[in-house]
Amino acid sequence: MITFSSVSKTYEDGTQAIRGLDFTIQAGELFVLIGPSGCGKTTTMKMINRLIEPTEGKILLHDREIHMFNVQELRWNIGYVLQQIALFPHMTIAENIALVPEMKKWKKKQISDRIDELLHMVGLNPATYRDRKPSELSGGQQQRVGVIRALAADPEVILMDEPFSALDPLSREQLQQDIRSLQQKIKKTIVFVTHDMDEAMAIGDRVCLMKNGETIQIDTPQNMILRPANDFVREFIGNRKSSWLTTVDVISETRSPHLLSIHEWEKGHISSTLPLYIVEEDGSLFGKIVEGSIVREYVPMIPNDMRLAQALPLFEQYQVEALPVVKGSKVIGILSYRTIVHYLAKEHEKEISGI
Ligand SMILES: Nc1ncnc2c1ncn2[C@@H]1O[C@H](COP(=O)(O)OP(=O)(O)O)[C@@H](O)[C@H]1O
Ligand SMILES: [Mg+2]
């Protein structure tokens, strides 16, 4: 979808901000750029919508060099959310959201419907908020409007540069949840910049860790933690506030004795490890085997972005050893009580030995 091919950027004053970036961001992926301040995240991001031009290499969108697109159209098709809340203060919320759709000459009715739809999507009642000015909203609400404004004209790609870093921890966590569920609903390609490892782990499908303008490791959050490429990655991961904040998908197991496909089950395979979860061909959960018979209703499942701290009590509550982890409606793995305990113990060991 977006490909960087040997991309470098040297600013006029000689600063080498980016060196030889090579990666591809997949369609529908939430791709996080992370790294210490000054490592080149913003430069990388701004090259995608041509606010900055690379000095070497190529950037492709859908296999076409981005230079082939008209720059206005390119920017209309790439939503952009900034760190500082950048709503126009003299315009109402509705007017702010309508900006790009108006430039794209959408019809009035279509724009108006879109505004209501988007406000609903992030839990703001249109009747209350449409005609307010940005100053009449809280910081978290304003940033939420910033996010939906970037979505307004239905862009294929959304760039977000530290969009939540100015917010208090509560609004921030709420918006991280929002962005995850939004992305599952709208399936956009999102490039998200942050310097916060907890945030990257919580929302990223893949994380690209940068240092001095180069990529150090591009991987799933799970692999970053389990297979860090070097000490720099290990140290960066270690900066997480707490292993309790790790999301469950990081340690859920895609292959597990608690998991069986519907084919295997129909063929009479059965595992002695209970509980046993049966998964349909499309990845959704078919049911759970309890005492030899299948239960299809009220099977508890854990959303993939839940934190370990929230997941652990569920095992007590439901009195089970293992629970299925779902992303949207698909089972992506199994989380067991044992895995959590092992993981936390290992992390704790690392902390006290100072790795
Ligand atoms: N317009 C500019 N002119 C010269 N140097 C710049 C300019 N913008 C950024 N830089 C430098 O390029 C490097 C990368 O910056 P940036 O992409 O903003 O990093 P990040 O977003 O990761 O903090 C830094 O050393 C920064 O000082
Ligand atoms: Mg930056």
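Along every chain, residues carry numbers that run from 1 in the direction the sequence is written. Chain labels run from A onward and ligand labels from 1 onward, assigned in the order the entries are written. Restriction of local features to residues with pLDDT of at least 70 applies here, the model being predicted, together with a cutoff of 80 or more for giving and counting side-chain atom pairs; totals for whole chains, interfaces and linings are based on all residues. To get the side-chain values, all heavy atoms of the structure are used, and hydrogens and water are removed first.

Visitor: I tried to follow the domain arrangement of the protein chain on my own but got confused; where do I start?
Guide: How big an interface is tends to be expressed through the accessible area that disappears when the partners come together. By convention here, the domain bounds are inherited from an automatic or database domain assignment. Along its sequence, the protein chain is carved into domain 1 (2-242) and domain 2 (250-343). The C-alpha centroid of domain 2 is placed 33 Å from the C-alpha centroid of domain 1. Contacts are assigned to residue pairs with any non-hydrogen atoms lying within 4.5 Å of each other. At the junction of the two partners, domain 1 supplies 13 residues and domain 2 supplies nine residues. Carbon and sulfur atoms make up 37% of the area that domain 1 and domain 2 hide from each other, which totals about 910 Å². Buried area: the sum, over both parts, of the accessible surface (1.4 Å probe) that disappears when the two are put together. When the buried surface of domain 1 facing domain 2 is broken down by residue, Arg180, Gln184 and Gln222 rank first, second and third, together holding 42% of it. Criterion for a salt bridge: a side-chain nitrogen of Lys or Arg within 4 Å of a carboxyl oxygen of Asp or Glu. Linking domain 1 with domain 2 are one salt bridge, by the criterion used here.

Visitor: Would you explain the environment of aspartate 154 in this entry?
Guide: Counting from the N terminus, the helices are DSSP H or I runs at least four residues long and the strands are E runs at least two residues long. Note that aspartate 154 resides in the loop between α6 (139-151) and β7 (157-161). Sequence separation between aspartate 154 and glycine 79 is 75 residues; the distance between their C-alpha atoms is 8.3 Å. If we ignore the near neighbours within four places in the chain, the residues touching aspartate 154 are Arg114 and Lys188.

Visitor: Is there a simple way to think about the site of ligand 1 in this case?
Guide: Think of it this way: one heavy atom of a residue within 4 Å of a molecule or strand is enough to make that residue near it. Inspection of the region around ligand 1 gives Tyr11, Asp13, Thr15, Ala17, Pro36, Ser37, Gly38, Cys39, Gly40, Lys41, Thr42 and Thr43 as its neighbouring residues. Here a polar contact is taken to be a pair of N or O atoms separated by no more than 3.5 Å, where protein atoms must pair a possible hydrogen donor with a possible acceptor and residues adjacent in sequence count only if both atoms sit in side chains. Glycine 40 is positioned with one of its backbone polar atoms (N or O) 3.0 Å from an oxygen atom of ligand 1. Contacts to ligand 1 include threonine 42, whose side-chain N or O atom sits 2.8 Å from an oxygen atom. Using a 1.4 Å probe, accessible areas were evaluated by the Shrake-Rupley method; residue-level cover was limited to the displayed protein chains. Expressed as a share of its isolated accessible area of 560 Å², the protein-covered part of ligand 1 is 61%. Sorting elements by how many residues they give to the shell around ligand 1 places helix α1 (residues 41-48) first, with three residues. In terms of residue class, the shell around ligand 1 is made up of four nonpolar, six polar and two charged. Asp, Glu, Lys and Arg are counted as charged, while Ala, Val, Leu, Ile, Met, Phe, Trp, Tyr, Cys and Pro are counted as nonpolar; the rest, among them Gly, fall into the polar class.

Visitor: What am I meant to see in the nonpolar core here?
Guide: Nonpolar side chains tend toward joint burial in soluble globular proteins. With 71 residues, the main nonpolar core has Ile97, Ile302 and Leu335 as its most contacted residues. Two domains each put at least three residues into this core: domain 1 (2-242) and domain 2 (250-343). Sequence-distant contacts of isoleucine 97, defined by excluding residues within four places in its chain, comprise Ile115, Leu118, Leu119, Val145, Ile148, Arg149 and Ala152. Take the buried Ala, Val, Leu, Ile, Met, Phe, Trp, Tyr and Cys residues and link them wherever side-chain atoms come within 4.5 Å; each set so joined is a nonpolar core. Each residue is placed in one exposure class: buried if its accessible area under a 1.4 Å probe, protein chains only, is under 20% of its type's maximum, exposed if it is over 50%, and partly exposed if it falls in between. Counting residues in each nonpolar core, the second largest holds 27 residues, with Phe4, Ile59, Leu74 and Cys208 among its members.

Visitor: How should the layout of surface pockets be read in this particular structure?
Guide: Remark: the empty space left among the atoms is shown by a probe the size of a water molecule rolled over them. Put simply, the largest pocket is a space of about 550 Å³. Along the walls of the largest pocket sit 24 residues, with Ile78, Gly79, Tyr80, Val100 and Arg149 positioned nearest its centre. Broken down by secondary-structure element, the contributors of at least two residues to the lining of the largest pocket are α2 (71-76), β6 (78-81), α3 (93-103) and α6. In the lining of the largest pocket, the residues fall into 16 nonpolar, six polar and two charged. In this analysis the probe radius is 1.4 Å and the grid spacing 1 Å, with only protein atoms considered; a cavity is a set of points the probe fits into but cannot get out of, a pocket is an open set with protein on both sides within 12 Å along at least five of seven lines, and lining residues have an atom within 4 Å of a point. Grid points are joined across faces, edges and corners, and a volume is the space filled by probe spheres set on the points.

Visitor: Sorry, what's going on with α3 here?
Guide: Along α3, the positions that sit buried rather than exposed are Ile93, Ala94, Asn96, Ile97, Ala98, Leu99 and Pro101. Residues of α3 that are buried sit in contact with α4 (108-121), α5 (126-129) and α6. Remark: lysine 105 follows α3 within two positions and exhibits a positive phi of approximately 60 degrees.

Visitor: Would you take a moment to explain empty space enclosed by the protein for this structure?
Guide: In this structure the tally under the stated criterion is one cavity of 30 Å³ or more. In this model, the largest cavity occupies a volume close to 70 Å³. Among the secondary structure elements, those contributing two or more residues to the lining of the largest cavity are α7 (169-186) and α8 (197-203). Take the lining of the largest cavity: its biggest share by element is four residues, from α7. Broken down by class, the residue content of the lining of the largest cavity amounts to two nonpolar, three polar and four charged.

Visitor: For this particular structure, what's the right way to read the packing of aromatic side chains?
Guide: Each aromatic ring pair is characterised by the separation of its centres together with the angle its planes make. Note on aromatic contacts: the rings of Phe and Tyr and the six-membered ring of Trp form a pair at centre separations within 6.5 Å, being stacked when their planes are under 30 degrees apart, edge-to-face when over 60 apart, and tilted otherwise. Scanning the model with the defined rule gives six aromatic pairs in all. When the centroid spacing of 4.8 Å and the interplanar angle of 25 degrees are considered together, the rings of phenylalanine 4 and phenylalanine 23 count as stacked. Of this pair, phenylalanine 4 sits in strand β1 (residues 2-10) while phenylalanine 23 sits in strand β2 (residues 16-25), and the two are 19 residues apart along the sequence. According to the relative accessible area criterion, phenylalanine 23 is buried, its value standing at 6%. These aromatic residues form a ring-pair network of at least three members: Phe4, Phe23 and Phe31. Placement of a charge over a ring requires the Lys NZ or Arg CZ to be within 6 Å of the ring centre, with the centre-to-atom vector within 35 degrees of the ring normal. Its end group placed over the ring of phenylalanine 232, lysine 211 keeps NZ or CZ at 4.8 Å from the ring centre.

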